[in-house]
Amino acid sequence: MNILEIENVTVNFDGFKALNNLNFSMKTGELRVIIGPNGAGKTTFLDTITGKVQPTQGQVIFKGRNLGNIPEYKIARLGIGRKFQTPRVYLNLTVAENLDLVVNQNKNVFPTLFRRPISGEKRTVAGLLETVGLAAKAELKAEFLAHGEKQRLEIGMLVAQSPDLLLVDEPVAGLTDEETENVGNLLLALAESHSIIVIEHDMEFVRQIARQVTVLHQGSVLFEGNMDQVQNDPRVIEVYLGKEE
Ligand SMILES: Nc1ncnc2c1ncn2[C@@H]1O[C@H](COP(=O)(O)OP(=O)(O)OP(=O)(O)O)[C@@H](O)[C@H]1O
């Protein structure tokens, strides 16, 4: 079954088409990496999925439901979680406290307000600390974490909400090679039980995690395939990979 289908979506910003008749679909449980040059529409693509931007034309269908005119906060409750490029953790709280906030918030709110049970995997702070590899730093204030550790903590906070679809925007920008690999391994582990879309520029990282890759260009899908196919496609090389350092 497809968790997400995007049909003929155009987003028109005052005459400029940031997305142009874009079609995209992905199966439940897939890890999909989206690449493309600056201005290709990657962020706008995520914005239309979360409801931050409404398509001028076309529709976004999540788990069989048309998201048209559903406000952003309600779309989040339907099971779409997003991690932005910059970590948004509470710096004056410890790592464990940050995770605890989300875990407990869900305990209280999910059954009543969201009217859907927390999915099979019971999320506990201890389990999440293990998943994101921060058990040894549980009692450390988040302000003292390295950038990559903050990224992993925030991914943990996202997972604590048990979203069906995780949207992850440039998770390794500015990270060291070692941190980049850690974040990659974390996403690969999460991909065993989640549907995930990752936007990324760092091609080393894309090679580490990518199975199926979608290349955006000028607001449309230019190419889709596995990493080998993407790297050998002349159009992709021309508009994107040829410019790689
Ligand atoms: N609110 C807006 N109003 C007008 N133009 C916009 C708006 N948001 C984005 N754009 C334009 O739409 C195009 C696509 O932007 P978008 O941020 O989606 O690209 P991107 O692929 O994420 O780029 P990058 O890799 O640089 O982050 C860009 O040319 C951008 O300037």
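All values reported here derive from a predicted model rather than from experimental measurement.

Calculation rules
- Every chain is numbered independently, its residues counted from 1 as its sequence is written.
- For a predicted model such as this one, the threshold for reporting local features is a pLDDT of at least 70, and the threshold for listing and counting side-chain atom pairs is 80 or more; totals across whole chains, interfaces and linings nevertheless cover every residue.
- Think of it this way: DSSP has to see at least two bridges between two strands before they count as a pair.
- What counts as a helix is a DSSP run of H or I of at least four residues, what counts as a strand is a run of E of at least two, and both are numbered from the N terminus.
- Throughout, an axis means a line fitted to C-alpha atoms (over the contacting stretch in the case of helices), and angles, computed between N-to-C directions, take values from 0 to 180 degrees.
- Our contact criterion uses C-beta atoms placed from the backbone: two residues qualify when those atoms are within 7 Å.
- What makes a residue near a molecule or strand is its C-beta atom, placed from the backbone, lying within 6 Å of it.
- Note that Gly is not counted as nonpolar here; it falls among the polar residues with everything else outside the nonpolar set of Ala, Val, Leu, Ile, Met, Phe, Trp, Tyr, Cys and Pro and the charged set of Asp, Glu, Lys and Arg.
- How far each domain reaches was decided by an automatic or database domain assignment.
- Expected span of a helix: the number of residues minus one, times 1.5 Å.
- Three exposure classes are used, all based on how many other C-beta atoms lie within 10 Å of a residue's own C-beta (placed from the backbone): buried at 20 or more, exposed at 12 or fewer, and partly exposed between those limits.
- Here the arc refers to the set of directions running from the helix axis out to each C-beta atom.
- When the strands point away from the viewer and the connection leading from the first strand across the helix to the second strand turns clockwise, the crossover is called right-handed.

S.K.: Pulling in residues and values, what's your account of the sheet that holds strand 7 (residues 165-169)?
M.R.: If you trace the six strands from one edge of the open sheet to the other, you get 6-7-8-3-9-10, paired in mixed fashion. Looking along the sheet, the strands with just one partner apiece sit at the ends: strand 6 (80-83) and strand 10 (220-226). On average, each strand axis in the sheet is tilted by 20° relative to the strand beside it, whichever way the strands run. With four bridges joining them, strand 3 (residues 31-35) and strand 9 (residues 212-217) adopt parallel strand pairing.

S.K.: A description of the sheet that holds strand 1 (residues 2-13) should follow, citing residues and the corresponding values.
M.R.: The strand order 2-1-4-5 describes an open sheet built from four strands, whose pairing is antiparallel. Looking along the sheet, the strands with just one partner apiece sit at the ends: strand 2 (16-27) and strand 5 (65-66). Of the strand pairs in this sheet, strand 1 and strand 4 (residues 57-62) are connected by five bridges, and their pairing is antiparallel. Each residue of the ladder has a partner; that of Ile-6, found in strand 4, is Val-60. Here helix 1 (residues 42-50) sits on the sheet and contacts strand 1, strand 2 and strand 4; the angle it forms with strand 2, its principal contact strand, is near 65°.

S.K.: Before we move on, could you go through the site of the ligand and cite the residues and values that matter?
M.R.: Taken together, the neighbourhood of the ligand is formed by Phe-13, Phe-16, Ala-18, Gly-36, Asn-38, Gly-39, Ala-40, Gly-41, Lys-42, Thr-43 and Thr-44. For the shell around the ligand, the element with the highest residue contribution is helix 1, accounting for three residues. Split into classes, the residues belonging to the shell around the ligand amount to four nonpolar, six polar and one charged.

S.K.: Go over the domain arrangement of the protein, please, and point to the residues and values.
M.R.: A common way to express how large an interface is: the accessible area buried when the components associate. Split into domains, the protein comes out as domain 1 (1-79 + 164-245) and domain 2 (86-162). Of note, the centres of domain 1 and domain 2, computed from C-alpha atoms alone, are 24 Å apart. For the side of domain 1 that touches domain 2, the leading source of residues is helix 6 (residues 177-190), giving six residues. Across the side of domain 1 that touches domain 2, the residue classes break down as seven nonpolar, four polar and two charged.

S.K.: Tell me about helix 6, residues and numbers included.
M.R.: Compared with the 20 Å implied by 1.5 Å per residue over 14 residues, the 20 Å span of helix 6 between its first and last C-alpha is a close match. Among the residues making up helix 6, those that are buried are Thr-180, Val-183, Gly-184, Leu-186, Leu-187 and Leu-190. In an axial view of helix 6, the angular spread of the buried residues amounts to 160°, which keeps them on one side of the axis. For helix 6, exposure combined with an orientation more than 90 degrees from the buried face picks out Asp-177 and Glu-178.

S.K.: For the pairing of strand 8 (residues 195-199), give the residues involved together with the corresponding values.
M.R.: Counting buried residues in strand 8 gives five out of five residues, a clear majority hidden from the surface. In this sheet, strand 8 lies alongside strand 3 in parallel orientation, the contact comprising four bridges. By the bridge assignment, Arg-32 is partnered in strand 8 with Ile-197. Across five bridges, strand 7 lies against strand 8 in parallel orientation. Bridge pairing in strand 8 places Val-168 opposite Val-198. Following the chain from strand 7 across helix 6 to the adjacent parallel strand 8, one finds a crossover that is right-handed.

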